[in-house]
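# Architecture and fold: a report
Here are the chains, one letter per residue:
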Amino acid sequence: MLVTGLEILKKARAEGYGVGAFNVNNMEFLQAVLEAAEEARSPVMVALSEGAMKYGGRALTLLAVELAKEARVPVAVHLDHGSSYESVLKALRAGFTSVMIDKSHEDFATNVRETRRVVEAAHAVGVTVEAELGRLAGIEEHVAVDEKDALLTNPEEAKRFMEETGADYLAVAIGTSHGAYKGKGRPFIDHPRLERIAALVPAPLVLHGASAVPPELVERFRAAGGEIGEATGIHPEDIKKAIALGIAKINTDTDLRLAFTALIRETLNKAPKEFDPRKYLGPAREAVKEVVKSRMELFGSVGKA
Ligand SMILES: O=C(COP(=O)(O)O)N(O)CCCCO
Ligand code: NA
Ligand SMILES: [Zn+2]
C-alpha cells in the first residue's frame, strides 16, 4: 500500500531497524525493489532523483505510484535530492508521498527558509518531508575537528533546524559520501556525533551515501569488462551501528547500479549474438533484487511490513 515516508520511518526509528530508500531509473529497477520488498515482507521507499524523473518521465512516476498502491507491503514514493520548490511541486503533483528538499549547500537561514516553504506545501497535501543539514563528504578520521565541524552535521544546529522547519526526517552528514569512492579503506563514520544528533532530534534520521560497494561486486563488474578504480563503501557494521543510534532511512543507489551493469556486461559477453533485451535486462533485474534483499537483511527491515 502507498503510505507516507514518515509512516514508515517513525516505526523504524521507534523499533530500531532501518528502511532502504532504493533509487530507481527504469521499470526493471522498480520491479526489483518492489518484488524484493514483498518477498521479504519489508517496508520500502522507492526513490526517484530529479534525473530519474527526467529520464523516466510519467512512464516511471505513474508506474511507481500505481505499483506502490498495489503492493502488499507499505511503500513510500520519494523524491530524492529535490533541488527546488518547483521540483518538489512536480513530485507532489505526480502523487509522491515523500519529498526531499536539499538546501544543505546554502547557509543555515536559507536552508531553513526554503525547507519550511516545502514543508508547508507538502504537509498541506499530506506528504512528508526530508531535509538535509551538513555536507556529505568522506573525511579521514585524523581530519582536524574544526574541518569536521564545518562539514558534518552540528547536533545543536540540527535540533534548531528541525524545530524551525517542521521537517519530518533529517539527512545527516557523519562521513558518508555519494558514489563508489567513499574514502580509503574503511570510511570514517562519526558515530559519537550521530549519537549526539539523535539525542537532540527525535525525528527519524537519514543516511545518504550508504552503499557498501562490496569487493565481490566491484570484482564482478571489472571481470565483465567494467572499469572502476579503488572503490570503497560503508562497512556493514557501521551501518548497523548507525541504525542502532537512530538512522531509519538508508539510501542505496551505487550498489544497485553496479549489480545491474555487471550483469548486462556478463550476459552480452557470453551471448554476442543475443539481441532480445529481455535476455540481458531480466538477469540484471534479478541481480538488483538480490542486492535489495541483502540490504533489507542488513537493515533489519525483513518481516517488519
Ligand atoms: O545517497 C544516495 C546514494 O548513495 P550511494 O551512492 O552510496 O548509493 N542517494 O541520494 C542517491 C543519489 C542519486 C543522485 O544521482
Ligand atoms: Na533522499
Ligand atoms: Zn543522497
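What counts and what doesn't
- Counting restarts for each chain, with residues numbered from 1 along the sequence as it is written.
- Written order decides the labels, with chains lettered from A and ligands numbered from 1.
- Local features in this predicted model are restricted to residues of pLDDT 70 or higher, and side-chain atom pairs are both shown and tallied only at a pLDDT of 80 or more, whereas totals for entire chains, interfaces and linings draw on every residue.
- Hydrogens are left out, water is left out, and the side-chain values use all remaining heavy atoms of the structure.
- One heavy atom within 4 Å of a molecule or strand is enough for the residue carrying it to be called near that molecule or strand.
- Any pair of nitrogen or oxygen atoms within 3.5 Å is treated as a polar contact; in protein, a donor-acceptor pairing is required on top of that, and neighbouring residues in sequence qualify only through side-chain atoms on both sides.
- The method behind every accessible area is Shrake-Rupley, applied with a 1.4 Å probe, and residues are considered shielded solely by the protein chains displayed.
- Strands here mean DSSP runs of E at least two residues long; helices mean DSSP runs of H or I at least four residues long; both are numbered from the N terminus.
- Basically, the charged four are Asp, Glu, Lys and Arg, the nonpolar ten are Ala, Val, Leu, Ile, Met, Phe, Trp, Tyr, Cys and Pro, and anything else, Gly included, counts as polar.
- UniProt positions are given in the numbering used here, feature names are shortened, and annotations may be inferred rather than shown by experiment.
- Only protein chains enter the accessibility calculation, which uses a 1.4 Å probe; a residue whose area is less than 20% of its type maximum is buried, one above 50% is exposed, and one in between is partly exposed.
- In this analysis, two residues are considered to be in contact whenever any of their non-hydrogen atoms come within 4.5 Å of each other.
- Distances define the donors: N, O and S atoms within 2.8 Å of the metal qualify, as do those within 3.2 Å of Na, K or Ca. Water is excluded, so some sites may look unfinished.
- To obtain an axis, a line is fitted to C-alpha atoms, over the contacting stretch when the element is a helix, and the angle between two such axes runs from 0 to 180 degrees between their N-to-C directions.
- Each helix crossing is assigned a hand: it is left-handed if the near helix lies turned anticlockwise from the far helix by less than a right angle, otherwise right-handed if that turn is clockwise.
- The salt bridge definition used is simple: a Lys or Arg side-chain nitrogen within 4 Å of an Asp or Glu carboxyl oxygen.
- In these notes the angle categories are as follows: under 35 degrees is roughly parallel, over 145 is roughly antiparallel, 65 to 115 is roughly perpendicular, and the rest is oblique.

## Topic: the site of ligand 1
- Surveying the vicinity of ligand 1 reveals 15 residues, the closest of which are D80, K182, S211, D253 and T254.
- One nitrogen or oxygen atom from the side chain of T254 is found 2.6 Å from an oxygen atom belonging to ligand 1.
- Taking 420 Å² as the accessible area of ligand 1 by itself, protein coverage stands at 86%.
- If you list the elements that add at least two residues to the shell around ligand 1, you get β3 (75-82), β8 (247-252) and α11 (254-270).
- Its residues placed into classes, the shell around ligand 1 shows one nonpolar, 10 polar and four charged.

## Section: the UniProt feature "binding site: Zn(2+) 2" (unreviewed entry) in the protein
- Here, UniProt's "binding site: Zn(2+) 2" (unreviewed entry) annotation points to D102 and E132. Sequence-wise these annotated residues cover 31 residues; spatially they are packed, their C-alpha atoms never more than 5.6 Å apart.
- Turning to its location among the elements, D102 is positioned in the loop between β4 (98-101) and α5 (108-124).
- Since its relative accessible area comes to 12%, D102 is described here as buried.
- Apart from residues no more than four positions distant in its own chain, D102 is found in contact with H81, G82 and E132.
- Side chain to side chain, D102 and H81 meet in a polar contact 2.9 Å long.
- By relative accessible area, E132 is classed as buried at 3%.

## So, the coordination of the zinc ion (ligand 3)
- Within the protein, H81 (NE2), H178 (NE2) and H208 (ND1) serve as the donor atoms for the zinc ion (ligand 3), at 2.0 to 2.1 Å.
- For H81, a relative accessible area of 19% puts it in the buried group.

## A closer look at the packing of helix α9 (residues 215-223) against α11
- Direction vectors running N to C along α9 and α11 enclose 35°, while the axes themselves pass 8 Å from each other. Note on packing geometry: the crossing formed by α9 with α11 is left-handed. Here L217, R220 and F221 of α9 come into contact with α11, specifically with D255, L258, A259, T261, A262, L263, R265 and E266.
- Within the contact of α9 with α11, the residues separate by chemical class into six nonpolar, one polar and four charged.

## Regarding the pattern of salt bridges
- A complete count under the given rule lists 18 salt bridges for this structure.
- K293 is the salt-bridge partner of E39, the closest N and O atoms lying 2.4 Å from each other. Residue E39 is found in helix α2 (residues 27-40), and its partner K293 is found in helix α12 (residues 277-299); the two are separated by 254 residues along the sequence.
- In the salt-bridge network here, residues are joined through shared partners; they are E35, E39, K289 and K293.

## Some remarks on the packing of helix α10 (residues 236-244) against α12
- At a minimum axis separation of 9 Å, α10 and α12 run at an interaxial angle of 50°. Classified by the angle between their axes, α10 and α12 sit oblique to one another. Facing α10, whose interface residues are P236, I239, K240 and I243, α12 presents R295, L298 and F299.
- A per-class count over the contact of α10 with α12 returns five nonpolar, no polar and two charged.

## Observations regarding unusual backbone geometry
- Positive phi is not limited to glycine here, since R41 has a value of about 50°.
- Within the secondary structure, R41 sits in the loop between α2 and β2 (44-49).
- The exposure class of R41 is partly exposed, given its relative accessible area of 37%.
- Look at V213: it is not a glycine, yet its phi comes out positive at around 45°.
- Note that V213 resides in the loop between β7 (205-207) and α9.
- Residue V213 is classed as buried on the basis of its relative accessible area of 2%.

## Observations concerning the coordination of the sodium ion (ligand 2)
- Ligation of the sodium ion (ligand 2) by protein atoms is provided by H78 (NE2), D80 (OD), E130 (OE), E130 (OE) and K249 (NZ), these donors lying 2.5 to 3.2 Å from the ion.
- Site description for the sodium ion (ligand 2): donor spacing in sequence, H-x1-D-x49-E-x118-K.

## Some details on the UniProt feature "active site" (unreviewed entry) in the protein
- UniProt records the feature "active site" (unreviewed entry) for D80 in the present numbering.
- Following the sequence through the fold, D80 ends up in strand β3.
- Its relative accessible area of 6% is what places D80 among the buried residues.
- In contact with D80, other than residues within four places in its own chain, are N23, A47, L48, S49, E50, M100, H208 and N251.
- A distance of 3.1 Å separates a polar atom in the side chain of D80 from a polar atom in the side chain of N23.

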